[in-house]
Structure formats: structure tokens, C-alpha cells
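This is what each chain is made of:
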Amino acid sequence: MTEQAHPEWDASYTAGTPAPWDIGRPQPAFVRLADEGRLTGRLLDAGCGTGENALLAASRGADVTGIDVAPTAIARARAKASERGLTARFEVADALDLGRLSLTVDTVIDSGVFHVFGDDDRARYVASLAAVLRPAGACYLMCFSDRQPGTWGPRRVRAEELRAAFSDGWAVQSITAGTVEINPVDGTTQVQAWLAAIRRN
Ligand code: SAH
């Protein structure tokens, strides 16, 4: 696996305080998916950060791979897995080039990654996901929503943008309003989000 140079992302994990999204527990939206039995089979967490959602899936029996461009995040995810006695693979890799991984999965999860990409990379990302997700496999994606006021944080995504991004070769099954939990930013601990359930054709 080739290590990409993304020092800006790694820096968000080497600062003294955890990044806003690095909350030290899985996102409640993904806990609900796990409770519904949806985080199953061979599962990829694309842009897994320090691995909480990936480790949640591993704890429920999924065969988990987590990838991220930030080596510090991957090192932390590996340490958490070993501390918790959980088995999961964590690798430094580029979510825009997943085809290089020689991996096929039944399920992909994305917690806060789709919204980091600009328009060009967005198309690349969706093609990259299609390269590792088997036909009829499920993608669960949570991103900042246009319902979130203000300008702090990543770009807001409209539901129609999600539908457009996944219009070719995918079936968007649901887009549900929910929240992303964050470490407090100006006293705010929840951000408006979309949770999309998308099936690969
Ligand atoms: N899913 C994690 C992290 C979300 S923050 C969580 O819910 O906590 C966005 C993550 O995407 C960061 O960890 C960042 O390092 C990662 N990232 C950004 N660009 C990436 C890329 N091209 N490939 C893989 N990971 C990327």
C-alpha cells in the first residue's frame, strides 16, 4: 500500500487536543446501524480516523478494514484495537484510490469523509468506492448537511448532491436527517447531518 503525503490531515491528529470529530466513541448513527444488523460481512471504513466506527463493526462480528491517509490516526486505531482485544486491519491508504487495495467488501461506511472532497474528487471518490464494494453491497455515508447553519467546519452537502453523486451505478435507498456528534466547538456538540444508505447496482 502506498503511503500518500497528506500532512494536513495527519496534523489534525498530532495537535494537543482531539479534532472535533475524534470523539473517542462511535457515532450514534453508526451504533443504530450496527443494532439493526447492517454493519456486517467484509466491511471497509473509508477515512476511518482513529477507528471508533470500524471497531464498533468489529465488535459486532464484521471483518473490518479501516483506511485513512493520516498515519497517526491509523496508529491510534491499531492501538485501540489491541487494547480492546478486537481484530481489525488498519492501513494508511487513499480513499480516492481504493482499487489499489485488492479488496472486495460487502459494506462500506463513511463517517464524515464524503464532505471533505471538492467536486472533482467527489466523482473520483464514488468511483473508488465502486471499485471495492461488491455488486448489491451497501454503503452507509454520513456527511454535514445544508441544514447546518453557519460556516464553521466542512462544506455542507445537499441531499440532491448525494443523489447526483451516486446516480450512476448506484441506488440511493434513503437519505435521513440526523446529527454528527463532535467535541464541543463554541459550545456545540451536534451538527446537522445526512445519513445515506446507498446500494451498489
Ligand atoms: N471517519 C472518522 C474521521 C472523519 S474526519 C470519524 O468519524 O471519526 C475525515 C477523515 O478523512 C480524516 O481522518 C482524514 O484523515 C481522512 N481523509 C481525508 N482525505 C482522505 C483520503 N483521500 N483518503 C483517506 N482518508 C482521507
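This report concerns the structure included in the present document. Residue positions are given per chain, counting from 1 as you read along its sequence in written order. Where local features are concerned, this predicted model is filtered to residues with pLDDT of at least 70; where side-chain atom pairs are given and counted, the filter is 80 or more; whole-chain, interface and lining totals use all residues. With hydrogens and water stripped out, all remaining heavy atoms of the structure feed into the side-chain values.

## Description of the site of the ligand
Residue proximity to a molecule or strand is established when one non-hydrogen atom of the residue lies within 4 Å of it. Neighbouring the ligand are 17 residues, the closest being Tyr13, Gly47, Asp68, Ala95 and Ser111. In this structure, Tyr13 approaches the ligand through a side-chain N or O atom, which is 2.5 Å from an oxygen atom. By the criterion applied in these results, polar contacts are pairs of N or O atoms within 3.5 Å in which, for protein atoms, one can donate a hydrogen and the other can accept it, and in which residues neighboring in sequence qualify only through two side-chain atoms. In the environment of the ligand, a nitrogen atom lies 2.8 Å from a nitrogen or oxygen atom belonging to the backbone of Ala95. Throughout, the Shrake-Rupley method with a 1.4 Å probe supplies accessible areas, and for residues the shown protein chains are the sole cover considered. Isolated, the ligand exposes 570 Å² of accessible area, and the fraction of that covered by the protein chains is 95%. A 1.4 Å probe that fits into a set of points on a 1 Å grid over the protein atoms alone but cannot get out defines a cavity; an open set with protein on both sides within 12 Å along at least five of seven lines defines a pocket, and lining residues are those with an atom within 4 Å of a point. Pocket or cavity membership: a molecule qualifies when more than half of its atoms sit within 2 Å of the grid points of that site. Most atoms of the ligand, that is more than half of them, are within 2 Å of grid points of the largest pocket.

## Some remarks on the packing of aromatic side chains
Each pair of aromatic rings taken from Phe, Tyr and Trp, with Trp reduced to its six-membered ring, is defined by centres within 6.5 Å and is described as stacked if the planes are under 30 degrees apart, edge-to-face if over 60, and tilted in the remaining cases. Within this structure, the stated rule accounts for 6 aromatic pairs. A centroid spacing of 5.9 Å and a plane angle of 75 degrees characterise the contact between Tyr13 and Trp21, whose relative ring orientation is edge-to-face. Residue burial is assigned from relative accessible area. The probe radius is 1.4 Å, only protein chains are included, and a residue is buried under 20% of its type maximum, exposed over 50%, and partly exposed in between. Take Trp21: its relative accessible area is 36%, and that puts it in the partly exposed class. Put simply, the rings of Trp9, Tyr13 and Trp21 pair up and form one aromatic cluster. Here, a charge over a ring is recorded when the distance from Lys NZ or Arg CZ to the ring centre is within 6 Å and its angle to the ring normal is within 35 degrees. Its guanidinium or amino end placed over the ring of Trp194, Arg147 lies 5.8 Å from that ring's centre, counting from NZ or CZ.

Everything listed here is a matter of geometry and, on its own, says nothing about what the molecule does.
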